[in-house]
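Results of the structural survey
The residues making up each chain are set out below.
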Amino acid sequence: MNQTADQEIEVLPNLPSLNLSETKTFYQGMLGFDRVIYEDQNTLILRRKTWEIHFWLCRNKEICNNSSLYVRGQGIDNLYQEFTKAGLSKDGASEPRLSSFELRPWNMKEFYIHDPHGNLLKFGRAPNEAETIPDARP
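Quick look at the structure, then. Numbering of residues begins from 1 in every chain and follows the order in which that chain's sequence is written. With the structure being a predicted model, the display of local features is reserved for residues of pLDDT at least 70 and the display and counting of side-chain atom pairs for 80 or more, all residues being used for whole-chain, interface and lining totals. Computation of side-chain values: all heavy atoms of the structure, hydrogens and water removed.

1. Observations concerning the pattern of salt bridges
If charged atoms from side chains of opposite charge come close, those side chains can pair. Counted as salt bridges are all cases of a side-chain nitrogen of Lys or Arg within 4 Å of a carboxyl oxygen of Asp or Glu. Tallying each qualifying case throughout the model produces six salt bridges. In this structure, K24 engages E39 in a salt bridge whose closest nitrogen and oxygen atoms are separated by 3.0 Å. Taken together, the residues K24 in helix 2 (residues 20-29) and E39 in strand 2 (residues 35-39) connect sequence positions 15 residues apart. A residue is classified by how much of its surface remains accessible, and K24, at 23% relative accessible area, is partly exposed. The partner of R125 in a salt bridge is D77, and the shortest N-O contact between them spans 2.5 Å. Taken together, the residues span a long stretch of sequence, with R125 in strand 9 (residues 120-125) and D77 in helix 4 (residues 76-85) at a distance of 48 residues. With relative accessibility at 5%, the residue R125 sits in the buried group. Counting from the N terminus, the helices are the DSSP runs of H or I reaching at least four residues and the strands are the DSSP runs of E reaching at least two. Think of it in three bands: residues with accessible area under 20% of the maximum for their type are buried, residues over 50% are exposed, and the middle band is partly exposed, with areas taken using a 1.4 Å probe on protein chains only.

Here it is as structure tokens:
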């Protein structure tokens, strides 16, 4: 297998949206997606630095409520601070909303954002030594 070709592959999430205009406003205004790559009546593609998310128009809220993506890396702490400053609700029920940033039972430090239509954006990183759960398995 050609390792160079594998290193060029990207996996991009494709999430449902009940209203592409609302999605665009939220992701640009609250999450810092500053480039519209493509937009028509059924499709929206947004970019933030090296991230790219594709959205498709969907009429079924249950599909949104059961869709998610996961972002992992060492910059997660800074993202949590940024999204906290953006003013997302932390009430645990609103859409959109931001969860607490905490160590989960599966030994990952994570926080979650629910977008205005119910899509779940999960952000996580491996805990540092002082944060680990002693009995957790990798």
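Still more ground to cover, so stick around.
2. Considerations on helix 4
Within helix 4 the residues assigned to the buried category are I76, L79, Y80 and F83. Axial view of helix 4: buried residues confined to an arc of 100°, hence all on one face. Set apart from the buried face of helix 4 by more than 90 degrees, the exposed residues are N78 and K85. Here the buried face of helix 4 lies against strand 3 (43-48), strand 4 (51-57), strand 5 (68-72), strand 6 (97-98), strand 8 (109-114) and strand 9. Immediately downstream of helix 4, the backbone of G87 shows phi near 90°, a positive value. Working note: the arc is built from the helix axis to C-beta atom directions. Contact definition: two residues touch when any of their heavy atoms are within 4.5 Å.

3. Details of the sheet that holds strand 1 (residues 14-17)
Pairs of strands are assigned from DSSP output, requiring at least two bridges between the strands. In space, the four strands of this open sheet follow the order 1-4-3-2, with mixed pairing throughout. Bordering the open sheet on either side are strand 1 and strand 2, each of which pairs with just one other strand. Ignoring which end each strand starts from, the neighbouring axes of this sheet average 25° apart. Bridge count for strand 1 against strand 4 is four bridges, and the pairing is parallel. Across the sheet, residue S17 finds its bridge partner in strand 4, namely L57. Orientation is described by axes fitted as lines to C-alpha atoms, over the contacting stretch for helices, and by angles from 0 to 180 degrees between their N-to-C directions.

4. Thoughts on the packing of aromatic side chains
Planes of paired rings set the category: under 30 degrees apart is stacked, over 60 is edge-to-face and the rest tilted, where pairs are Phe, Tyr or Trp rings (Trp by its six-membered ring) whose centres lie within 6.5 Å. In the structure shown here, the tally under the stated rule is eleven aromatic pairs. Between the aromatic rings of F111 and F123, the centroid separation amounts to 4.7 Å while the plane-to-plane angle is 5°, which identifies the pairing as stacked. With F111 in strand 8 and F123 in strand 9, this residue pair connects regions lying twelve residues apart in the sequence. An identical accessibility class is assigned to F111 and F123; each is buried. Members of the aromatic cluster, connected to one another through ring pairs, are F26, Y27, F33, W51, F55, Y80, F83, F101, F111 and F123. The ring of W51 carries the charged tip of R48 above its face, separated from the ring centre by 5.1 Å. In this scheme, Lys NZ or Arg CZ marks a charge over a ring once it lies within 6 Å of the ring centre and within 35 degrees of the ring normal. Over the ring of F101 we find K109, and its NZ or CZ is 4.7 Å from the ring centre.

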